[in-house]
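Examination of the molecular architecture
Below, each chain spelled out in residue letters.
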Amino acid sequence: MQKRNLVGLDLNDLNYIIRNLNQPNYRAKQLFQWIYKGIYNIDEMQNIPKNIREKIKNNFEIYRLRVVKKHQDSEKTIKILFALQDNNIIESVAMKYDYGNTICISTQVGCNMGCKFCASTVDGKIRNLTAGEMIDQILKMQEIIEGRISNVVLMGSGEPLDNFTEVLKFIKLVNHPLSLNIGQRHITLSTCGIVPKIYELANYNLQINLSISLHSVNESKRKEIMPIGNKYNIRELMDACTYYINKTNRRITFEYALIKGENDTEKDAIETGKLLSGILCHVNLIPINPIKEKNYEKAHERSILLFKEKLEAFGIPTTIRKEMGSSINAACGQLRIGYLDL
Ligand code: SAH
């Protein structure tokens, strides 16, 4: 029988396990703290008696991700390819900013959403990640950079709202004061716009940041680059966003990747400004990273600046995302696919 991995279990799971071993409740807390300190071996749990450790070891193990490849192109960006227990490969990126270290984690192996410009979706979704596999990307990265991660973005491979239960468990785990204690306001979830799940998320009333990958407000253009647009139209998406904002009182970020000749015209900017004006939001313009599987090109710098100007004229706070790491093909899902191609 395969042993169950302790990494990813929450206090409820551990309370249950500890009760079955006829141990007092505080043992569950001890276990919890050890697991999320990032230990590799149950015998490292010094304050848990040896006979109890042996009992735990009968059914449980600590399984940690393995580093397959490490890229560091500057002091500020480190990209890691991790192997999971079943040898599937995922990627995570750490970025060092003045205000702290940020990690971009994957939530699925591959992705089913089919966005035309995205490298993660080229081979479809292989499987969902568990909460443990998500949190271990942080624990391992902290070891690698020898520093604390203070911000987490769910913007690696995968669609977080297509893996709702495990993603929610993950958010609660990293946020827990006895675990990594990363504040919800330091966690950003990015979605291509699975409308019913945005409502569901809103009802949890979390304080996390929600990012919506918008990329076009023109119905047919959005459908063309993002198949999810065929399922939920822009009106339905905006209604869900408004509900989310009203429910949580949190500002939404709209991500807009500018693709030359596709969605970067002045008309696109004005239509976007009209749609978003009056909504509690912020727009993040992303100069698209071209991927070799598709022939999309990065918008010209001048159309990016013009786009920003037009949105700001509607009173919409707009930033242009810094492109960290695109030089080594490791921005937005490109690292894993490059590795699989070898
Ligand atoms: N599935 C989620 C999260 C992963 S993608 C989502 O769609 O939001 C994270 C962000 O990177 C999204 O805004 C996505 O549209 C963007 N992205 C994907 N491929 C990109 C590329 N080649 N260049 C620039 N941004 C890209």
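Chains are numbered independently. Their residues run from 1 in the order of the written sequence. Side-chain atom pairs in this predicted model are given and counted only at pLDDT of 80 or more, local residue features only at pLDDT of at least 70, and totals for whole chains, interfaces and linings cover all residues. For side-chain calculations, the full set of non-hydrogen atoms in the structure is used, while hydrogens and water are omitted.

Below, the discussion takes up the nonpolar core. Here, nonpolar core refers to any group of buried Ala, Val, Leu, Ile, Met, Phe, Trp, Tyr and Cys residues whose side-chain atoms link them within 4.5 Å. Relative accessibility decides the category of a residue: with a 1.4 Å probe and only protein chains considered, values under 20% of the type maximum give buried, values over 50% give exposed, and everything between is partly exposed. Residues Leu6, Met45, Phe170, Leu201 and Phe254 are the most contacted members of the largest nonpolar core, which totals 101 residues. Each of domain 1 (4-61) and domain 2 (66-328) accounts for three or more of the residues forming this core. By definition in these notes, contact holds between two residues if any of their heavy atoms fall within 4.5 Å. In contact with Leu6, not counting residues within four places along its chain, are Leu14, Leu31, Ile35, Tyr36, Ile42, Met45, Ile56, Phe60, Glu61 and Ile62. Source of the domain bounds: an automatic or database domain assignment.

Helical geometry note: an α-helix holds 3.6 residues per turn, so side chains three or four residues apart project in the same direction. Taking 1.5 Å per residue as the helical rise, helix α11 (residues 301-313) with its 13 residues ought to reach 18 Å, and the 19 Å between its terminal C-alpha atoms agrees with that figure. Going along the chain from the N terminus, every DSSP run of H or I of four or more residues is numbered as a helix, and every run of E of two or more is numbered as a strand. The complete set of buried residues in α11 reads Ser303, Ile304, Phe307 and Leu311. Buried positions in α11, seen along its axis, are confined to an arc of 105 degrees and lie on one side of it. Among the exposed residues of α11, those oriented more than 90 degrees off its buried face are Glu301, Arg302, Glu309 and Ala313. Those residues of α11 that are buried lie in contact with β12 (252-258), α10 (266-276), β13 (281-287) and β14 (318-320). Remark: Gly315 follows α11 within two positions and exhibits a positive phi of approximately 80 degrees. How far a helix is expected to stretch is found by multiplying one less than its residue total by 1.5 Å. Throughout, the arc means that of the directions going from the helix axis to the C-beta atoms.

Attention now moves to the site of the ligand. We call a residue near a given molecule or strand whenever any one of its heavy atoms falls within 4 Å of it. Around the ligand sit 18 residues, and of these Ser190, Ser213, His215, Glu255 and Asn289 come closest. Take Cys192: an N or O atom from its main chain is 3.5 Å from an oxygen atom of the ligand. For the ligand, the protein covers 96% of the area, taking 530 Å² as the surface of the free molecule. Side-chain classes are defined by residue name, with Ala, Val, Leu, Ile, Met, Phe, Trp, Tyr, Cys and Pro counting as nonpolar, Asp, Glu, Lys and Arg as charged, and the others, Gly among them, as polar. Looking at the shell around the ligand residue by residue, the class counts come to 9 nonpolar, 7 polar and 2 charged. Two N or O atoms count as a polar contact when they lie within 3.5 Å, although within protein this holds only if one can serve as hydrogen donor and the other as acceptor, and sequence-adjacent residues are included solely when both atoms are side-chain atoms. Per-residue and other accessible areas follow the Shrake-Rupley method at a 1.4 Å probe size, with only the shown protein chains counted as cover for residues.

Quick look at the pattern of salt bridges now. Salt bridge, as used here, is a side-chain nitrogen of Lys or Arg placed within 4 Å of a carboxyl oxygen of Asp or Glu. Per the counting criterion, the structure on display carries 19 salt bridges. Residue Glu200 is joined to Lys197 by a salt bridge in which the shortest nitrogen-to-oxygen separation is 3.3 Å. With Glu200 and Lys197 both in helix α6 (residues 195-203) and 3 residues apart, this pair spans about one turn of that helix. A residue is classified by how much of its surface remains accessible, and Glu200, at 31% relative accessible area, is partly exposed. The exposure class of Lys197 is partly exposed, given its relative accessible area of 26%.

Accessible area lost during the coming together of the parts is what is often quoted as the interface size. Here the domain parsing of the chain yields domain 1 (4-61) and domain 2 (66-328). With centres defined by C-alpha atoms, the gap from domain 1 to domain 2 works out at 34 Å. Between domain 1 and domain 2, a total of about 1100 Å² is buried, with carbon and sulfur atoms accounting for 62% of that surface. When two parts are put together, the accessible area they lose, computed with a 1.4 Å probe and summed over both, is reported as buried area. Three residues stand out in domain 1 for area buried against domain 2, namely Phe32, Tyr36 and Tyr40, and they jointly supply 43% of the buried area on that side. Between the two partners, domain 1 and domain 2, sit 1 salt bridge. Across the pair Asp13 and Lys169 runs a salt bridge, and its minimum N-O distance is 3.0 Å. Between the two partners, domain 1 and domain 2, sit 5 residue pairs in polar contact (both at pLDDT 80 or more). At the level of elements, α1 (11-20) and α2 (26-37) are the ones that each hand at least two residues to the side of domain 1 that touches domain 2. The element contributing the most residues to the side of domain 1 that touches domain 2 is α2, with 5 residues. Residue classes in the side of domain 1 that touches domain 2 are distributed as 7 nonpolar, 3 polar and 4 charged.

At a minimum axis distance of 8 Å, the contact between α1 and α2 shows a crossing angle of 130 degrees. Taken together, α1 and α2 sit at an angle that is classed as oblique. Relative to α2, α1 is oriented so that their crossing is right-handed. Contacts between α1 and α2 involve Leu11, Leu14, Asn15 and Ile18 from the former and Arg27, Ala28, Lys29, Leu31, Phe32 and Ile35 from the latter. Looking at the contact of α1 with α2, its residues break down into 7 nonpolar, 1 polar and 2 charged. Orientation is described by lines fitted to C-alpha atoms, with helices fitted over the stretch in contact, and by angles between N-to-C directions that extend from 0 to 180 degrees. Oblique is the label for every angle not falling under 35 degrees (roughly parallel), over 145 degrees (roughly antiparallel), or within 65 to 115 degrees (roughly perpendicular). Each crossing is labelled by how the near helix is turned from the far one, with a counterclockwise turn of less than a right angle marking it left-handed and a clockwise turn marking it right-handed.

Next up on the list: the environment of Thr242. Mapped onto the elements of the fold, Thr242 is located in helix α9 (residues 234-248). Distance in space between the C-alpha atoms of Thr242 and Gly193 is 13 Å, their sequence separation being 49 residues.

Okay, the packing of helix α4 (residues 131-145) against helix α5 (residues 164-175) next. Where α4 meets α5, the closest approach of the two axes is 8 Å, and the angle between their N-to-C directions is 40 degrees. In terms of their interaxial angle, α4 and α5 are classed as oblique. Our pair here, α4 against α5, has a crossing hand that is right-handed. Touching Ala131, Met134, Ile135 and Ile138 of α4 are Glu166, Val167, Lys169, Phe170, Leu173 and Val174, all from α5. For the contact of α4 with α5, the class distribution of residues is 8 nonpolar, no polar and 2 charged.

Further remarks concern the pairing of strand β9 (residues 149-154). β9 sits mainly inside the fold: 6 of its 6 residues count as buried. Taken together, β9, α5 and strand β10 (residues 187-191) constitute a β-α-β crossover, and its handedness is right-handed. Handedness is read with the strands pointing away from the viewer; a crossover is right-handed when the path from the first strand over the helix to the second is clockwise.

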